[in-house]
Amino acid sequence: MINTANHPLLPINLFEYEQRAKSHLSQMAFDYYSSGAWDEVTLRDNRTAFDRIKLLPRMLVDVSKRDLKVTVLGQTLQLPLIVAPMAFQCLAHESGEVATAKAAAYSGAGMILSTLSTKSIEEVAATNNSTDSLRWFQLYIHKDKGLTRALVERAFAAGYKALCLTVDAPMLGQRERDKRNEFVLPSGLHLANLTNMSGLDIPHYSGESGLFAYFAEQLSPSVTWHDLEWLQSLSPLPLVVKGILRADDAANAAKCGAKAIIVSNHGGRQLDSAIASIEALPDIVAAVDNDAAVLVDGGIRRGVDILKALAYGADCVLIGRPILWGLALNGEAGVVHVIELLRAELDLAMALSGCTCIQDIDSSLVRYNHS
Ligand SMILES: Cc1cc2nc3c(=O)[nH]c(=O)nc-3n(C[C@H](O)[C@H](O)[C@H](O)COP(=O)(O)O)c2cc1C
C-alpha cells in the first residue's frame, strides 16, 4: 500500500512539487524536463491562458456526493486524467516509466508510454495490476518503416489499448537549454524500446542536443495524412492523434479514422508562439462534433484547470511535467500523490461550482476574459 497521507513535509500543490524536484535532479535533467522551445512563449501561455478563464459557479445544488469517473474510448477512469507520454523517465527515478505506470493504475488514471521510454514496452506492460487500466502507446514514426511496424506490433502484443501518433514533431523543437547542455542520456540509460531492436540510441553531439540530432537522423519528417491509413493497417488498435491545434486538422483526423484527438502544443516544446492548447480547444470541439473524443494537455497544474478544460468540451486531460516532479521526489508514491492532489482539487472545484459528476461540467460554467 502506498502511503500518501498528508504530511507536513509533502508539497501541497504541483508548483511546490516543481520547486522541490529541482534539487533531486541533475541540471541537465531538470532543464530537459522543464524547458520549452526558443523563448518559451508558448510554455508560459499554456499557464496564463488558464488564468484568463473565469468561472460562473452554480449555487444551491446538493453536492454532498460527487463522482469523478469518466469513460475514454470505452475504458473507465476514476478521474479524467491520463499521464502524458514523456520520454526518459529514468532520469527522474531509477524505476522510471514502471513506477509511473504502477502509480497511474493505482490511482485509476490512464498512462501513455512514449516511444522514447527508458523502460521497454514489455517491462511497463508487465506492471499491469488491473486489466482495466488505460494504457496507450505513443508512436514516433521512424524513417525505417520496418522499425515503426515492429513497435506497433509489440505494443499490440503487450496489451496496450490504443496507438497515439504524435504529429507535432516532424523535427524536434529547439530547446536552447538542451542545446547549451549538449543533452545526452547518462551512461546506463537507453532508449529501451529501440536499443534492444535496432541498437539506436541518443548520440553525443558537440554544440547540440543529442535528442535534436536523433530526431533529425532517425525520425521521418515526411509523414502525411496518407500514412494514417498505413498505420491503421498494422494493428487493430484504435488511433489517437496527438498534437493538433487547428479545427480543420482535427476534423481531418476524425475523417481519417482517429478515435481521439489530443489538442496539444507538446507542452510548449515544439513551435514557439503556437497557440496555448486550452485556447485552441473550443474550436476543435466544435469541428469534431462528437466524431472523436477530444483530450487536451499543456499547463494543467490545478484541479480547477481540469474543470475549465472539461467545461470547454474536453473529455479528459493529460498531465505532463508534474508527474515527473512527483517521480523525482518519491518514485511511485510521488506520482500517486501528484495525482491525488489533482483529484482533491478537482473534487473541491466541482463541489464549489455545483457539479456532482463530470457530465455536469458544461460550457455555461466558463467565460473567457481576453483582457
Ligand atoms: C520531458 C518531456 C518529454 C516529453 N516526451 C514526449 C514524447 O516522447 N512524446 C510525446 O508525444 N510528447 C512528449 N512530451 C509532451 C507531453 O506528452 C505533453 O504534451 C506535455 O508535456 C503537456 O504539457 P505539460 O507538461 O505542461 O503538462 C514530453 C514532454 C516533456 C515535458
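Predicted model only: the values in this text are computed from it and were never measured. The residue count restarts for each chain, going from 1 along the sequence in the order it is written. The model is predicted, so local features are restricted to residues of pLDDT at least 70 and side-chain atom pairs to those at 80 or more, both for listing and for counting; the totals for chains, interfaces and linings are taken over all residues. Side-chain descriptors were evaluated using all non-hydrogen atoms of the structure, hydrogens and water having been removed beforehand.

1. What to know about the overall build of the protein chain
Thought 1: The secondary structure content of the protein chain amounts to 14 helices and twelve strands.
Thought 2: The quantity called the radius of gyration is restricted to C-alpha atoms. Its globule counterpart is 2.2 Å times the number of residues to the power 0.38. Taking 371 residues into account, the globule formula puts the C-alpha radius of gyration at 21 Å, and the protein chain, at 19 Å, falls close to it.
Thought 3: Overall size of the protein chain, expressed as C-alpha extent along the three principal axes, is 60 × 50 × 45 Å.
Thought 4: Exposed residues in this analysis have more than 50% of their type's maximum accessible area, buried residues have under 20%, and partly exposed residues fall in between, with area computed by a 1.4 Å probe over protein chains only. Relative to its full complement of 371 residues, the protein chain shows a buried share of 58%. Strands here mean DSSP runs of E at least two residues long; helices mean DSSP runs of H or I at least four residues long; both are numbered from the N terminus.

2. Examining the packing of helix 2 (residues 27–34) against helix 14 (residues 321–352)
Thought 1: The convention used is that axes are lines fitted to C-alpha atoms, helices contributing only their stretch in contact, and that angles between N-to-C directions extend from 0 to 180 degrees. Taken N-terminus to C-terminus, the directions of helix 2 and helix 14 make an angle of 155°; their axes are 10 Å apart at the nearest point. Classified by the interaxial angle, the pair formed by helix 2 and helix 14 is roughly antiparallel. Where helix 2 approaches helix 14, its residues Phe30, Tyr33 and Ser34 are matched on the opposing element by Arg321, Leu324 and Trp325.
Thought 2: Under the grouping applied here, Gly and all other residues not named as nonpolar or charged are polar, the nonpolar ones being Ala, Val, Leu, Ile, Met, Phe, Trp, Tyr, Cys and Pro and the charged ones Asp, Glu, Lys and Arg. The residue inventory of the contact of helix 2 with helix 14, partitioned by class, reads four nonpolar, one polar and one charged. Convention used here: angles under 35 degrees read as roughly parallel, angles over 145 as roughly antiparallel, angles from 65 to 115 as roughly perpendicular, and any remaining angle as oblique. Contact criterion: two residues are considered in contact whenever any of their non-hydrogen atoms come within 4.5 Å of each other.

3. Description of the packing of helix 3 (residues 41–52) against helix 12 (residues 277–288)
Thought 1: It is at 8 Å that the axes of helix 3 and helix 12 come closest, and there the two elements cross at 65°. Counting all contacts with helix 3, which are made through Asn46, Ala49, Phe50 and Arg52, the residues of helix 12 involved are Ser277, Ile278 and Glu279.
Thought 2: Residues of the contact of helix 3 with helix 12, tallied by class, amount to three nonpolar, two polar and two charged.

4. Description of the sheet that holds strand 5 (residues 110–113)
Thought 1: Two strands form a pair only when DSSP identifies at least two bridges running between them. On the basis of which strands lie adjacent, the closed barrel formed by eight strands has the order 4-5-6-7-8-9-10-11 and parallel pairing. For this sheet, the mean angle separating the axes of adjacent strands, direction not counted, is 25°.
Thought 2: In the sheet, strand 7 (residues 163–166) pairs with strand 8 (residues 239–244) via four bridges, with the strands oriented parallel. Each residue of the ladder has a partner; that of Thr166, found in strand 8, is Lys242.
Thought 3: In this fold helix 4 (residues 96–107) packs onto strand 4 (81–83), strand 5 and strand 6 (135–139), with an angle of close to 155° to the strand it touches most, strand 5.

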